[in-house]
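# Observations on chain architecture
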Amino acid sequence: MSPPKIDYKRELESASKGMILIHDPRLLIKLIVRSLVQKVRIQHAGMILYDPDKDSYVLSISRGTIGERIPEDLIRFNKTNPLIKLFIQKEYKYIFENRNAIVAEDINKLLWKESVISNGNGTKQLLHNVSVELPKLNAVACVPAYYQHMLLAILLIGEKQDGSRFGQDELDFFSALASDVAMAIRNAQLFEYLKREAERNRNLFIQTTIALGSAIEAKDTYTHGHTERVTKYALAIGRQMEASQAYTFPYKFFENLYIAGLLHDIGKIGVPETILSKQDKLTPEEYEIMKSHTTRGAEILSSLSGFEEVINGVKYHHERYDGRGYPEGLKGEDVPMIAAIIAVADTFDAMTTDRPYRKGMSKEKAILEIKECINKQFNRKPVDALVDLFHKDEL
């Protein structure tokens with residue numbers, strides 16, 4: 001009994017819809033090649049993919065029976081390879097301009113065409129070399145995938161499992177699929193590029209953040225090392241909260257907590273040094289200026305998109321659980337958790353660090369005093385995590 005006839009139009013529509021959703025080029029190609037082997041019932045399929053970083057082509061994915069598979073990423077083609085040359089050099093375009101695929105058994109017919117024989121640009125030798133290349137790749141046909149005249153991939157098609165020739169409907173399907181593949185690969189590559197750029201920019205921002213943190217400490221000499229310690233304590237508190245299942249944090253939270261810890265006092269850049277370095281008690285007017293470092297910090301960072309959580313940590317780390325903090329008098333769970341964590345870390349470091357006007361207290365005493373302020377100054381969850389860390393001798 002012969003296998004059921006394939007509805008190539010439906011398969012093409014299904015493949016196209018699936019391609020839109022995939023932004024990983026390798027995964028995209030893997031699914032396409034696997035689908036070809038299974039649904040079109042061919043012994044082997046593969047994809048040669050353009051590598052923009054090395055300006056060459058590599059056999060990226062190969063699928064088929066065990067004996068038919070070719071090791072991936074081991075075969076690289078430069079632009080002088082006959083198969084690549086055939087599809088990228090303009091003088092050879094006439095060979096397949098009315099064809100949607102180069103089929104091995106048709107190459108011999110092409111070699112005897114008058115236009116090929118009389119052509120002095122090496123077409124005959126090139127076609128011969130292509131006929132030698134295809135068996136090495138377990139392919140009997142190859143289909144180019146272009147994006148704006150740029151060869152992005154070559155689809156390699158192995159023999160059909162039943163040994164029959166490919167019909168025109170199948171070749172048309174491969175050609176249409178290759179066209180969709182080119183668009184999908186280009187989109188996936190652009191997505192990967194944007195993702196890498198975003199990551200590079202984020203890393204650059206983090207490096208800038210570290211430099212800004214150093215600038216804050218350079219201005220406020222009495223708190224040397226404070227920013228780094230607060231960041232370390234805040235991250236440890238957050239990790240302990242997660243480990244004890246007291247709180248579930250969203251994606252990127254700890255990166256944001258790291259940045260917010262380093263920048264929590266960035267607004268002090270706008271506070272006069274006479275106030276920052278004053279050893280006596282601040283006047284009410286000076287205290288108001290000092291308090292403004294939270295909103296100044298938020299204003300400095302306000303132009304950054306995607307850093308709302310960081311800004312919340314900077315702006316609200318002096319809010320209190322009982323609503324008596326600043327700048328907005330937020331109360332209870334309205335205080336963002338990132339700010340509640342930094343508040344505990346900030347206070348713990350301030351209490352245990354020596355200052356010119358007083359000696360720092362022991363960690364044990366600081367822990368006891370902070371515990372007394374649960375549900376007054378502090379949210380219970382980060383305080384409990386701080387206590388756990390102290391008992392595990394991890395502070």
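See the structure printed just above.
An account of the accompanying structure is given in this report. A quick note: this is a predicted structure, and the numbers were derived from the prediction, not measured.

The subject of this paragraph is the overall build of the protein chain. When you go through the protein chain residue by residue, the secondary structure sums to 17 helices and six strands. Counting only contacts in the protein chain whose residues sit at least 6 apart along the sequence, the fraction spanning at least 24 positions is 61%. Total accessible area on the protein chain stands at roughly 20,800 Å², and carbon and sulfur atoms take up 52% of it.

A few words now on the pairing of strand S6 (residues 150–157). Within S6, seven of the eight residues are buried, which leaves it mostly tucked inside the rest of the structure. With seven bridges joining them, strand S5 (residues 141–147) and S6 adopt antiparallel strand pairing. Each bridged residue has a counterpart across the sheet, and for Tyr-147 the counterpart in S6 is Met-150. Taking the residues that link successive antiparallel strands as the turn, the S5-S6 hairpin has two residues, and the phi of Gln-148 there is positive, at about 50°.

This part is about the nonpolar core. Most often, soluble globular proteins have nonpolar side chains that are buried together. In terms of nonpolar packing, the biggest core is built from 53 residues, with Leu-36, Ile-48, Leu-83, Leu-86, Ile-154, Leu-156 and Phe-174 touching the most fellow members. If we skip the residues at most four places from it in the chain, Ile-48 touches Tyr-57, Val-58, Leu-59, Phe-77, Leu-83, Ile-84, Leu-137, Leu-152, Ala-153, Ile-154 and Leu-156.

Before going further, it helps to spend a moment on the pattern of salt bridges. This model, assessed by the stated rule, comprises twelve salt bridges. A salt bridge links Glu-328 to Lys-315; the nearest nitrogen and oxygen atoms lie 3.1 Å apart. Of this pair, Glu-328 sits in the loop between helix H14 (308–316) and helix H15 (337–352) while Lys-315 sits in helix H14, placing them 13 residues apart in sequence. We classify Glu-328 as partly exposed; its relative accessible area is 44%. Given the relative accessible area of 21%, Lys-315 is considered partly exposed.

This paragraph deals with helix H9 (residues 226–243). The end-to-end C-alpha distance of H9 is 25 Å, a good match for the 26 Å that 18 residues give at a rise of 1.5 Å each. Listed as buried for H9 are His-226, Thr-227, Val-230, Thr-231, Tyr-233, Ala-234, Ile-237, Gly-238, Gln-240 and Met-241. Looking at the residues trailing H9, positive phi occurs at Gln-245, about 60°.

Conventions used here
Think of each chain on its own: its residues are numbered from 1, step by step along the sequence as written. Whole-chain, interface and lining totals are the exception, using all residues; otherwise, since this is a predicted model, local features are given only for residues with pLDDT of at least 70 and side-chain atom pairs are given and counted only at 80 or more. For the side-chain quantities, the full set of heavy atoms in the structure was used; hydrogens and water were omitted. Strands are runs of DSSP state E lasting at least 2 residues, helices are runs of H or I lasting at least 4, and numbering of each runs from the N terminus. Contacts were defined at the residue level, with two residues in contact if any of their heavy atoms lie within 4.5 Å. Using a 1.4 Å probe, the Shrake-Rupley method yields the accessible areas, and only the shown protein chains count as cover for residues. Type-normalised accessible area, obtained with a 1.4 Å probe on protein chains alone, sets the label of each residue: buried when under 20%, exposed when over 50%, and partly exposed for intermediate values. Strands qualify as paired when DSSP identifies two bridges or more between them. In these notes, a set of buried Ala, Val, Leu, Ile, Met, Phe, Trp, Tyr and Cys residues joined through side-chain atoms within 4.5 Å is what counts as a nonpolar core. Whenever a carboxyl oxygen of Asp or Glu lies within 4 Å of a side-chain nitrogen of Lys or Arg, that contact is scored as a salt bridge. An expected span of 1.5 Å times one less than the residue number is assigned to each helix.

The values are spatial; any link to function lies outside them.
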